[in-house]
Amino acid sequence: MTTPSPAPFDARFATHEVTNQPPPLAPYDAYAGDVPLQQALQREGAGWSAQAVAEYGAITGREAMELGFAANENRPRFKPVDRFGNRIDEVEFHPAYHRLMQLGIAHGVTGFAWRHERTAGAHVARAALMYLHCQADQGTCCPMTMTYASVPVFRHAPALAGEWLPRIISSEYDSRSLPAWKKSGNTIGMGMTEKQGGSDVRSNTTRAWPLDATGTLYELVGHKWFFSAPMCDAFLVLAQAEKGISCFLLPRFLPDTATGARNAIRIQRLKDKLGDWSNASSEVEFHGAVAWLVGEEGRGIATILEMVALTRQDCMIGSSALMRQALVQAVHHTRHRKAFGKYLNEQPLMQNVLADLALDSEAAMALTMRVARAVDASQRDAGEAAFARIATAIGKYAICKRCPPFVNEAQECLGGAGYVEESILPRLYRQAPLNSIWEGSGNIQCLDVLRALKREPETRDALFAEFAMVKGANRRLDAHVARLVHELDDTGNIEQRSRTLVDMMATGLQAVQLLRTHDTLAGDNFCAARLGETLSRNYGTLPASVPFAALIERAFQG
Ligand SMILES: Cc1cc2nc3c(=O)[nH]c(=O)nc-3n(C[C@H](O)[C@H](O)[C@H](O)COP(=O)(O)OP(=O)(O)OC[C@H]3O[C@@H](n4cnc5c(N)ncnc54)[C@H](O)[C@@H]3O)c2cc1C
């Protein structure tokens, strides 16, 4: 049989030339074009890490961007049994997922802050690394966040810490299904949410029974309704012991066998999720799984609290990163696309939209980096610890909430191209709501702010000390803070009003950070646009006096 040869090109059928289509953004340098990030790194005391962060920015805008597409197009697959029918409870990932994990861990997304713990600013540097990684792929950020955030929990179990922490903070990633102790690097997941309650973890029904007289080894029977990254080497989980909710370290392989038999963690299925496709989130049952007690029996929530605080910080980083990536795509596209004879970024109304997005993006990142500095200084400075306590809840609420409409607006800047899967925008859009739901949804954050103000008065002092830092720098901010004081002093119906209050706190804190840039472009324009009574909720509504082009240029030099 002969193969038909292709028809010769016939000029009569040349329908059109492709014109007016922007070049792809990637490969690009995600750090070099990000002046606001570079300034924040300096401002929050991590200028010493600029080279390490810059190196990773070059990778995240190039190799990691490509890997992000592959890891999300080829979703993880659940393998309950092997080909002989033996139960294995494995999840198979595309090689791009493993390479992303390897890159992130090697460059410090999990361990940098802990390996440099004695140097002030280490958590700020690590926040910048995470911010860059998250722009290329969000799914791998989930296990990396949990691994990073697990470290303080081990302080409650010195014997476990001695064995596990060197592997958890290492720069090695080992994707093999092997017992943790046979690998040089480990990842950690967390299991709190059950079917009957996620916000209210006190309703956990998973039971824990001691296995021996030492009081350290337990057997777990129960389930978890959301259990992300089930291929982690171990998990910090909550379960009911005799004295109440307790925290346990649950390894994927049994601790007391040389060969490493699988622990009795049965994966029921993987969640079919709106987004977050490169990451596997599962439902699991524990059929007598063996785990170590961490901290005191009955003090599980207090024990895992620091992990929760750090994962909430990472929700802020993740949402800021999504906003940044969406902004960068929008600015790039509008620089290259023309309509009605002019580039889109020269059209006055488009300039207003882009500048408005640029302000929100920088404000989100700047507050996030400020919180990272407070986390960093918490061990040394009680005021910073109090600020981290309250600003994490405020920022988690406000920034994660802002993310979905932000990404949608950026999508619109690309027109139809922004709705098409080949651009990154649909992926960013699907991912955008996750951080506001995960790890304490919006209402839970607002109630947490109220709880902090009531039970830990030092958090209110820390909040207002932050405003006092720039007192007199902007009259709108001064008036905003005065209004906030007035609103807080009125304790009537405070729970119903708490979203409004937390929004006010967040906007005020973001204004402080932008004023601290000493760049009037960002600070004064943010105050003019965000602090007032009759402001529109839509983007593209900045006052006409704003220097739009300069704000857009500041946002992304690419
Ligand atoms: C992709 C994904 C991955 C996840 N991975 C994990 C994981 O690895 N480990 C894990 O433990 N969990 C995980 N979760 C679960 C997540 O943390 C929970 O879904 C979340 O904490 C909310 O719990 P819930 O779903 O039970 O909702 P509910 O607790 O039922 O809350 C529903 C709504 O009610 C609101 N609400 C609750 N109480 C109050 C109140 N007193 N006043 C006003 N409003 C209230 C909440 O804010 C929320 O909006 C994951 C979730 C997702 C989507």
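Residues numbered from 1 in each chain as written. Predicted model: local features only at pLDDT ≥ 70, side-chain atom pairs only at ≥ 80, totals over all residues. Heavy atoms only, no water.

S.K.: Just to check I follow, could you spell out the overall build of the protein for this structure?
M.R.: Helices and strands together make up the secondary structure of the protein, namely 19 helices and 11 strands. Taking 24 Å as the expected radius of gyration for a compact globule of 558 residues, we find that the protein reaches 25 Å, a close match to that expectation. Projecting the C-alpha coordinates of the protein onto the three principal axes gives extents of approximately 90 × 80 × 45 Å. The buried share of the protein, reckoned over its 558 residues, is 58%. If you take every contact in the protein between residues at least 6 apart in sequence, the share linking residues at least 24 apart comes to 73%. Total accessible area computed for the protein in this model is approximately 23600 Å², and 53% of it derives from carbon and sulfur atoms. (Helix = DSSP H or I, 4+ residues; strand = E, 2+ residues; numbered from the N terminus. Rg over C-alpha atoms; globule rule 2.2 N^0.38 Å. Buried < 20%, exposed > 50% of the residue type's maximum accessible area, 1.4 Å probe, protein only. Contact = heavy atoms within 4.5 Å. Areas by Shrake-Rupley, 256 points an atom, 1.4 Å probe, with all protein chains shown as cover.)

S.K.: Is there a simple way to explain the packing of helix H10 (residues 348–377) against helix H19 (residues 548–555) in this structure?
M.R.: The relative placement of two packed helices comes down to the angle between their axes together with the axis-to-axis distance. For the pair H10 and H19, interaxial distance at closest approach is 8 Å and the crossing angle is 45°. Here H10 is positioned oblique relative to H19, judged by the angle of their axes. Handedness of the crossing formed by H10 with H19: left-handed. Contacts from Gln351, Asn352, Leu354, Ala355, Ala358, Leu359 and Glu362 in H10 reach Phe548, Ala549, Leu551, Ile552, Arg554 and Ala555 in H19. Split by residue class, the contact of H10 with H19 holds nine nonpolar, two polar and two charged. (Axes fitted to C-alpha atoms, helices over the stretch in contact; angles between N-to-C directions. Parallel < 35°, antiparallel > 145°, perpendicular 65-115°, else oblique. Left-handed = near helix turned anticlockwise from the far one by under 90°. Nonpolar A, V, L, I, M, F, W, Y, C, P; charged D, E, K, R; others polar.)

S.K.: Please clarify how the site of the ligand should be interpreted in this entry.
M.R.: As a matter of local geometry, the ligand sits amid 21 residues, with Met192, Thr193, Gly198, Ser199 and Ser228 nearest to it. Glu439 is positioned with one of its backbone polar atoms (N or O) 3.2 Å from an oxygen atom of the ligand. A distance of 3.0 Å separates a nitrogen atom of the ligand from a polar atom in the side chain of Asn443. When the ligand is considered free in solution it has 980 Å² of accessible area, and contact with the protein chains removes 68% of it. The set of elements that each furnish at least two residues to the shell around the ligand consists of strand E3 (188–191), strand E5 (217–228), helix H13 (434–437) and helix H14 (442–455). Looking at side-chain class alone, the shell around the ligand contains nine nonpolar, 10 polar and two charged residues. (Near = heavy atom within 4 Å. Polar contact = N/O pair within 3.5 Å; in protein donor to acceptor, adjacent residues only side chain to side chain.)

S.K.: So what exactly am I meant to see when it comes to the pairing of strand E9 (residues 281–294) here?
M.R.: Two faces belong to every sheet, and in a regular strand the side chains alternate between them. Counting buried positions along E9 gives 12 out of 14 residues, so the element sits mostly inside the fold. Strand direction decides the pairing type here: E5 and E9, joined by 10 bridges, are antiparallel. Within E9, the residue paired with Val221 across the bridge is His287. Bridge count between strand E7 (residues 244–251) and E9: three bridges; the pairing is antiparallel. Following the sheet pairing, Cys247 is matched in E9 by Val294. (Pairing = 2+ DSSP bridges.)

S.K.: Teacher, can you tell me more about the pairing of E7 here?
M.R.: The buried count for E7 comes to eight of eight residues, which makes it a mostly enclosed element. Here strand E6 (residues 234–241) runs beside E7; their pairing, made up of eight bridges, is antiparallel. Each bridged residue has a counterpart across the sheet, and for Ala239 the counterpart in E7 is Ser246. With antiparallel pairing between neighbouring strands as the criterion, E6 and E7 make up a hairpin whose turn holds two residues.

S.K.: Would you mind going over the environment of Ile304 with me for this structure?
M.R.: Following the sequence through the fold, Ile304 ends up in helix H9 (residues 300–336). Owing to a relative accessible area of 2%, Ile304 belongs among the buried residues under this scheme. For the pair Ile304 and Val470, spaced 166 residues apart in the sequence, the C-alpha separation amounts to 35 Å. Leave out the neighbours within four places in its chain, and Ile304 touches Val153, Met190, Met192, Leu236, Leu238 and Cys247.

S.K.: Would you mind going over the packing of helix H11 (residues 382–413) against helix H15 (residues 457–468) with me for this structure?
M.R.: Running from N to C, H11 and H15 cross one another at 85°; their axes reach a closest spacing of 8 Å. With respect to H15, the axis of H11 lies roughly perpendicular. Residues Gly383, Ala386, Phe387, Arg389, Ile390 and Ile394 of H11 form the contact with H15, whose own contacting residues are Glu458, Thr459, Ala462, Leu463 and Glu466. Classifying every residue of the contact of H11 with H15 gives six nonpolar, two polar and three charged.

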